[in-house]
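Close look at the chain arrangement
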Amino acid sequence: MTTLQPVRGTHDLLPSEQRKHFLILETARSQAASYGFMEISTPILEFKEVFKRTLGDVSDIVTKEMYEIADRGDEEIVLRPEGTAGIARAVISNGLTQSMPLKFFYTGPMFRYERPQKGRMRQLHQIGVEMFGVADPVADVEVISLAYEILVALKMGHRVTLEINSLGDDESRQNFRTHLVTYLKDHHQHLSPDSQQRFDRNPLRILDTKDEGDKKILNGAPLLEDCLNAYSKETFLKVQEGLKDLKIPFKINPHLVRGLDYYSHVAFEFTTTDLGTQGTVLAGGRYDGLMSTMGGPAIPGVGWAGGIDRLAMMLTNEVCPPLKRPLAVIPMDEAFDMKGLEFAQLLRKAGHYVEMTYGAGLGKRLKKASKINARYAMILGEEEVSSQKVTVKDLDTGDQIQLSRQDVIVFLKEKGVS
Ligand code: ATP
Ligand code: MG
């Protein structure tokens, strides 16, 4: 029955998968905190306008990928497809534009109506950062280095390539646009229908095409880098110098453009060959035009978003260690279950990971304890309950010893069990 399946493009994160997501999130969160990026959380529901204006009317996300909600009123509401526009909206809504710079870290689910495949889902999960209020390219270097440090902490530093490019400022892009349009005019009838539509509305978008035919045509197109003005060239060089100073390896990719309208100057992507076609794990850039497009003051910004789902696919056991072994509390008879639970609480308060066992009979409960790979069994029978003691059984050696409750804590400490 279809209703018992998850919605196409969505996944249940079962505990083993959820644990990977959590690990990535905790690593990113603590690195971000060490850079002074404070966590922010904005709603999953936003007005459509928030994305329509900022991502661009002809971006893939706005034209094809956005989930619109059947709101009961007349409002056009969507499930957020990405984080940046909502955060920029929050900065304006909350009147935070006076206190620059602002540095945010965020995480959460995003929704895009895409064709599901490996590494591409309709509910995806991202981590990301935004820095508002600093136009200097040093800020670009700082946010890229934060991304890099997170990947290094996840032991992926050597498995990703940082690719960078400059989209230049408005003047440079206008200049490039003229050259590009002149070139593409001659190839117009061979472009994909999507790109033909972009040609009329926003030709720069064509550079972000995924169509092979378009890509061939683009091979002969003029390059953005040849159209950069002096300021754009200088900023791009500063970013490169900064990355070199911090010893962050990178490659210039003159074909790299980002899918969204709000980018300017430096755009970057961390890619991997480990995941097949969906090889971009983290991507971002500078978006100096975003705030003003939204109707706020002209505040520059730079940031990135990383795909947790794709990062989780790359995570190795080295970073995701096996769970620590529990202690199993085993009342010999159901009559002692509550005594067992009380003792379990005592052990938990002392910092231990404790599993209570349930069901009939000592034998069955002991079997359960070894099935969950418990380190020690804490057995409570009639004798133990009346003498306030516990039988501690080493489940690796089979040795057992009777101890008072307090001595159990000391015993575990001596054995190095935490
Ligand atoms: P792509 O070119 O793969 O469609 P994008 O440019 O749309 O990526 P961004 O909007 O920059 O992606 O999102 C940042 C990151 O989020 C991507 O690098 C990727 O790791 C992840 N991501 C984006 N879309 C998806 C998706 N549908 N499923 C899983 N992860 C995704
Ligand atoms: Mg996409």
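Residues numbered from 1 in each chain as written. Chains lettered and ligands numbered in written order. Predicted model: local features only at pLDDT ≥ 70, side-chain atom pairs only at ≥ 80, totals over all residues. Heavy atoms only, no water.

Side note on the environment of Asn 373
Applied cut-off: Numbering goes from the N terminus for both helices and strands, where a helix is a DSSP run of H or I of at least four residues and a strand is a run of E of at least two. Note on definitions: a residue-residue contact is assigned when non-hydrogen atoms from the two residues lie within 4.5 Å.
Along the polypeptide, Asn 373 turns up in the loop between helix H13 (362–371) and strand S14 (376–380). Separated by 47 residues in the primary sequence, Asn 373 and Pro 326 place their C-alpha atoms 7.2 Å from one another. Residue contacts for Asn 373: discarding those within four places in its chain leaves Arg 325 and Pro 326.

As for the pattern of salt bridges
Pairs can form between side chains of opposite charge whenever their charged atoms are close. The test is simple: What makes a salt bridge here is a side-chain nitrogen of Lys or Arg within 4 Å of a carboxyl oxygen of Asp or Glu, nothing more. Accessible area is worked out with a 1.4 Å probe on protein chains only. A residue is then buried under 20% of its type maximum, exposed over 50%, and partly exposed in between.
Inspection of every chain in the model, using the stated rule, returns 15 salt bridges. In this structure, the salt-bridge partner of Arg 120 is Glu 114, at a minimum N-O distance of 2.8 Å. We note that Arg 120, like Glu 114, is buried. Asp 170 is the salt-bridge partner of Arg 173, the closest N and O atoms lying 2.7 Å from each other. With Arg 173 and Asp 170 both in helix H6 (residues 170–185) and three residues apart, the pair spans about one turn of that helix. When its relative accessible area of 54% is taken as the criterion, Asp 170 is described as exposed.

Topic: a nonpolar patch on the surface
We apply this condition: Only residues whose relative accessible area exceeds 30% and that form no salt bridge are eligible for patches; like-charged ones are grouped when within 9 Å, while nonpolar side chains (Val, Leu, Ile, Met, Phe, Trp, Tyr) are grouped when within 5 Å. The method behind every accessible area is Shrake-Rupley, applied with a 1.4 Å probe, and residues are considered shielded solely by the protein chains displayed.
The grouping of Ile 44, Leu 45 and Ile 69 at the surface amounts to a nonpolar patch, some 230 Å² of accessible area in total. With respect to the helices and strands, the residue Ile 44 is situated in the loop between strand S1 (38–39) and strand S2 (45–47).

What to know about H13
Under the convention used in this document: The directions considered for the arc are those from the helix axis to the C-beta atoms.
Arg 365, Leu 366 and Ala 369 are the residues of H13 that are buried. The arc that holds every buried residue of H13, seen down its axis, measures 100°, which confines them to one face. Turned more than 90 degrees away from the buried face of H13 sit Gly 363, Lys 364, Lys 367 and Lys 371, all of them exposed.

Quick notes on the side chain of Ser 195
Inspection of the secondary structure puts Ser 195 in helix H7 (residues 193–201). Apart from the residues lying within four places of it in its own chain, the contact partners of Ser 195 are Ile 206, Thr 209 and Asp 214.

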